[in-house]
Amino acid sequence: MKKSRDENTEEQILEAAKNVFQSKGMVGARMQEIADNAGINKAMLHYYYRSKQLLFEAVFKNAFSLLAPQLNTVLNDDSSIEDKIKNFTANYIPFIIKHPYLPSFIIQELNRNEDFILKLKKNTGFPNLEKFKKQVDVEVSNGLIKPISAEQLFINIMALNIFPFVAKPLIKAFTNVDESAYKQLMEDRKTEVANFIINAIKNS
């Protein structure tokens with residue numbers, strides 16, 4: 001019973017911390033506010049996490065652990081480059097619609113503390129580009145896709161999928177759409193992004 005209570009309390013803390021960090025960032029967040037949001041006192045919060053930095057790292061790792069499998073799938077399955085692009089876009093966009101805070105949260109905090117990514121790289125689930133690089137080189141050599149480096153292709157995939165969510169207010173303002181129309185634009189991108197990239201790299 002105690003273990004279950006401890007796990008529930010920790011889940012409450014991480015959920016409360018996620019919400020506070022998302023709205024205030026690392027610098028603006030306060031442990032007291034996180035404790036209040038979690039429905040516990042500050043002493044209890046410090047029992048689980050001795051500092052704001054440790055709590056932030058736990059929230060960040062949890063957030064990144066949701067995103068990393070999406071990246072690993074597109075990089076390491078045995079499908080063609082074309083299918084990888086289609087599958088990644090089809091899976092990633094619904095995933096981010098479900099977790100809209102993730103892209104801006106991760107990018108904001110990586111910009112604040114670039115060294116933190118070095119800690120994440122030590123995790124076994126951290127995305128690895130090696131197989132993807134070899135596959136791109138093979139498909140370029142076989143004339144299936146136009147000459148492009150795997151790094152540039154990967155950046156294009158990531159940028160075209162992530163940017164509309166990171167820049168949501170800007171996108172809505174430029175396109176003059178409401179929330180409902182914005183969501184439809186994002187739904188449409190499940191195929192639009194994949195088709196755009198594939199048409200750009202595929203040899204006719």
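Residues numbered from 1 in each chain as written. Predicted model: local features only at pLDDT ≥ 70, side-chain atom pairs only at ≥ 80, totals over all residues. Heavy atoms only, no water.

Named according to an unreviewed UniProt entry, the chain is HTH tetR-type domain-containing protein originating from Polaribacter pacificus.

Student: Residues and numbers for the side chain of Asn 161, please.
Tutor: The residue Asn 161 is located in helix α9 (residues 150-166) in this model. With residues up to four places along the chain from it excluded, the contact list for Asn 161 reads Phe 88, Thr 89, Tyr 92, Ile 93 and Val 193. (Helix = DSSP H or I, 4+ residues; strand = E, 2+ residues; numbered from the N terminus. Contact = heavy atoms within 4.5 Å.)

Student: Pulling in residues and values, what's your account of the UniProt feature "domain: HTH tetR-type" (unreviewed entry) in the chain?
Tutor: Per the UniProt record, "domain: HTH tetR-type" (unreviewed entry) is annotated on residues 7-67. As a span, residues 7-67 carries 87% helix and 0% strand, and end to end its C-alpha atoms are 22 Å apart. (UniProt positions renumbered as here; feature names shortened; annotations may be inferred.)

Student: For the UniProt feature "DNA-binding region" (unreviewed entry) in the chain, give the residues involved together with the corresponding values.
Tutor: Summarizing the sequence annotation, UniProt attributes the feature "DNA-binding region" (unreviewed entry) to residues 30-49 in the numbering used throughout. Taken as a whole, residues 30-49 contains 75% helix and 0% strand, while its terminal C-alpha atoms sit 13 Å from one another.

Student: Give a detailed account of the environment of Asn 128, specifying residues and quantitative values.
Tutor: Residue placement: Asn 128 occurs in the loop between α7 (116-121) and α8 (130-141). For Asn 128 and Leu 75, which are 53 residues apart along the polypeptide, the C-alpha to C-alpha distance reads 7.2 Å. Looking at Asn 128, its side chain comes within polar contact range of the main-chain nitrogen of Glu 130, at 2.8 Å. (Polar contact = N/O pair within 3.5 Å; in protein donor to acceptor, adjacent residues only side chain to side chain.)

Student: Which residues make up the environment of Asn 113, and what are the values?
Tutor: Within the fold, Asn 113 resides in the loop between α6 (102-112) and α7. You can call Asn 113 partly exposed: its relative accessible area is 21%. Here the alpha-carbon distance between Asn 113 and Asn 76, two residues 37 residues apart in the chain, equals 28 Å. (Buried < 20%, exposed > 50% of the residue type's maximum accessible area, 1.4 Å probe, protein only.)

Student: Go over the packing of aromatic side chains with me, naming the residues and quoting the values.
Tutor: Following the criterion strictly, the structure yields 4 aromatic pairs and no others. Here the aromatic rings of Tyr 47 and Tyr 48 are separated by 5.2 Å at their centres, their planes lie at 90 degrees, and the arrangement is edge-to-face. Its relative accessible area of 57% is what places Tyr 47 among the exposed residues. Taking relative accessible area as the criterion, Tyr 48 reaches 19% and is therefore assigned buried. For the ring pair Phe 88 and Tyr 92, a centre distance of 5.2 Å and an interplane angle of 20 degrees mean the geometry is stacked. Here Tyr 92 and Phe 88 lie together in helix α5 (residues 81-98), a separation of 4 residues that amounts to about one turn. Residue class for Phe 88 comes out buried when judged on its relative accessible area of 4%. (Phe/Tyr/Trp six-rings, centres within 6.5 Å; stacked < 30°, edge-to-face > 60°.)

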